[in-house]
Amino acid sequence: MTLANTSKADSLSASFSICGDGRHINCVVDGDTFWFEGEKIRIADIDTPELSPPRCEAERIKGQEAKARLLARLNAGTFSLSTGLRDEDKYGRKLRTVTRAGRSLGRTLVHEGLARRWDGERQGWCD
């Protein structure tokens, strides 16, 4: 199955869990990375706090909140994945924008204060 979905219809779905040590099929790694049908996806339009390892306690707390929120949003119904300017990042993750009903799930996380718009550089989450 092709992960890039150019259709307006949200047709992808899965039952997502938090990734553990086992096989990664449909699970959430952190606030901006998840596995879908065995492919590692990096949400292209956002950056969330690091969890491995966090640089401070505030980053860890916000990172856990972002991870839980992404899990809830992915499990909330069908969605679409679309490819932007690049197919993959330097770590081999598929770069995708995740949308539901035409709205970016990444932008929802930004609006909720759990992510920042991706501008090409990581920024700290510690004060």
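The structure displayed is predicted, hence computed values, not measured ones. (Residues numbered from 1 in each chain as written. Predicted model: local features only at pLDDT ≥ 70, side-chain atom pairs only at ≥ 80, totals over all residues. Heavy atoms only, no water.)

A word on the UniProt feature "domain: TNase-like" (unreviewed entry) in the chain
Here is step 1 of the chain: The feature "domain: TNase-like" (unreviewed entry), as annotated in UniProt, sits at residues 25-116 in this numbering.
Here is step 2 of the chain: Each end of residues 25-116 is marked by a C-alpha atom, and these two atoms are 26 Å apart; helix forms 27% of the span and strand 37%. (UniProt positions renumbered as here; feature names shortened; annotations may be inferred. Helix = DSSP H or I, 4+ residues; strand = E, 2+ residues; numbered from the N terminus.)

A word on the pairing of strand β3 (residues 33-36)
Here is step 1 of the chain: Both faces of β3 are covered, namely the face carrying T33 and W35 and the face carrying F34 and F36.
Here is step 2 of the chain: Between strand β2 (residues 27-30) and β3, which follow one another and run antiparallel, lie two residues.
Here is step 3 of the chain: Bridging between β3 and strand β4 (residues 39-43) involves four bridges; their strand directions are antiparallel. Opposite F34, over in β4, you have I41 as the bridge partner.
Here is step 4 of the chain: If you look at the hairpin formed by β3 and β4, you'll find two residues sitting between the two strands, and E37 has a positive phi there, around 50 degrees. (Buried < 20%, exposed > 50% of the residue type's maximum accessible area, 1.4 Å probe, protein only. Pairing = 2+ DSSP bridges.)

Quick notes on the state of the cysteines
Here is step 1 of the chain: All told, the structure shown has two disulfides when counted by the stated rule.
Here is step 2 of the chain: Between C19 and C27 runs a disulfide, and the two sulfur atoms are separated by 2.0 Å. The chirality of the disulfide connecting C19 with C27 is right-handed, given an S-S dihedral of about 90 degrees. For the pair formed by C19 and C27, the shared burial category is buried.
Here is step 3 of the chain: Put simply, C56 and C126 are joined by a disulfide, and their sulfur atoms are 2.1 Å apart. One disulfide, between C56 and C126, carries an S-S torsion of -105 degrees and so falls in the left-handed class. With C56 in the loop between β5 (46-47) and α1 (57-74) and C126 in the segment after β9 (116-117), this residue pair connects regions lying 70 residues apart in the sequence.
Here is step 4 of the chain: Across the chain, the way the bonded cysteines pair up, counted in sequence order, is 1-2, 3-4. (Disulfide = S-S within 2.5 Å.)

Thoughts on the pairing of β2
Here is step 1 of the chain: Inspection of the sheet shows strand β1 (residues 17-18) paired to β2 by two bridges, in the parallel sense. Following the sheet pairing, S17 is matched in β2 by C27.
Here is step 2 of the chain: Note: β2 against β3, three bridges, orientation antiparallel. Across the sheet, the residue bridging to C27 is W35, located in β3.

Structural notes on the layout of surface pockets
Here is step 1 of the chain: The computed volume of the largest pocket comes to approximately 290 Å³.
Here is step 2 of the chain: Lining the largest pocket are R42, I43, A44, R86, D89, K90, Y91, R93, L95, W118 and R122.
Here is step 3 of the chain: Of the residues assigned to the lining of the largest pocket, the class counts are five nonpolar, no polar and six charged.
Here is step 4 of the chain: Approximately 220 Å³ is the volume attributed to the second largest pocket.
Here is step 5 of the chain: V29, D30, T33, S52 and R93 are, among the 13 residues lining the second largest pocket, the residues nearest its centre. (1 Å grid on protein atoms, 1.4 Å probe; cavity = no way out; pocket = protein on both sides within 12 Å on 5 of 7 lines; lining within 4 Å. Points joined across faces, edges and corners; volume = space filled by probe spheres on them. Nonpolar A, V, L, I, M, F, W, Y, C, P; charged D, E, K, R; others polar.)

Some details on the pattern of salt bridges
Here is step 1 of the chain: The tally for this structure, following the rule as stated, stands at eleven salt bridges.
Here is step 2 of the chain: Of the charged contacts in the structure, one is a salt bridge between R122 and E50, with a shortest N-O distance of 2.7 Å. Taken as a pair, R122 in the segment after β9 and E50 in the loop between β5 and α1 lie far apart in primary sequence, 72 residues in all.
Here is step 3 of the chain: Assessed through its relative accessible area of 38%, R122 is described here as partly exposed.
Here is step 4 of the chain: What makes E50 buried here is its relative accessible area of 16%.
Here is step 5 of the chain: The partner of R60 in a salt bridge is E57, with the nearest N and O atoms 2.5 Å apart. (Salt bridge = Lys/Arg side-chain N within 4 Å of Asp/Glu carboxyl O.)

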